[in-house]
Amino acid sequence: MRKMVWIFMAGCMLLLSGCSVQTNEREKLKDLEYTIVEEGKAPEGLQAILEEKRKEPFKLTYEEEQSLYICVGYGEQKTSGYSIAVNELYLSENAVYFDTSLIGPSREETVAETPSFPCLVVKTEYVDKPVVFH
């Protein structure tokens, strides 16, 4: 009987010692305000990087004058008519989260049978945290 009580108490201690209070690293502290940078209007240094990378999918950040530029490109698409939607851009305790989606041409849309290179650049306030792309 004594041995069973001891085993029960040891099991309870193990369970209790495994518990701790943690914050969810992805928990949103606030949405970040942003502006979409028109094609060709990014800072010169960033523009050169975008031109170099546009044929392949990419994700990158660029900092200039207290601004953070967050960029995502979906690489070469077979036709025109593609766009990119910003689903979320928010700050958590540990990072900035950026979620986008590639949107294909609608069935009603007339598309050119020439390759396109959908790319999105957003400008937001500088935050000294890593950017996590989704």
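These figures come from a predicted structure and were not determined experimentally. (Residues numbered from 1 in each chain as written. Predicted model: local features only at pLDDT ≥ 70, side-chain atom pairs only at ≥ 80, totals over all residues. Heavy atoms only, no water.)

### Points about the sheet that holds strand β5 (residues 83–91)
Stated precisely, the cut-off is as follows: Two strands are said to pair when DSSP picks up at least two bridges between them. A helix here means a DSSP run of H or I that spans at least four residues, while a strand means a run of E at least two residues long, and both kinds are numbered starting from the N terminus.
If you walk across this open sheet you meet the four strands as β1-β5-β6-β8, and the pairing is mixed. Sheet topology places β1 (30–31) and β8 (131–133) at the edges, where each strand pairs with a single neighbour. Sheet analysis places strand β6 (residues 96–103) next to β8, joined by three bridges and oriented parallel. Bridge pairing in β8 links Phe-98 to Phe-133.

### Thoughts on the pairing of β6
Relative to β6, β5 is paired through eight bridges, and the arrangement is antiparallel. Each residue of the ladder has a partner; that of Ala-85, found in β6, is Ser-101.

### A look at the sheet that holds strand β7 (residues 119–125)
Short version of the rule: Geometry is summarised by axes, namely lines fitted to C-alpha atoms with helices restricted to the contacting stretch, and by angles between N-to-C directions that run from 0 to 180 degrees. For this analysis, residues touch if any pair of their heavy atoms sits within 4.5 Å.
Reading across the sheet, the four strands line up as β2-β7-β4-β3 and stay open at both edges, with antiparallel pairing between neighbours. Looking at strand neighbours, the two that pair on one side only are β2 (34–36) and β3 (57–64), the edges of this open sheet. Averaged over all pairs of adjacent strands, the angle between their axes in this sheet comes to 20°, without regard to strand direction. Sheet analysis places strand β4 (residues 67–74) next to β7, joined by seven bridges and oriented antiparallel. Within β7, the position partnered with Cys-71 by the bridge is Val-121. Running over the sheet, helix α2 (residues 44–53) touches β3, β4 and β7 and is turned about 175° from β3.

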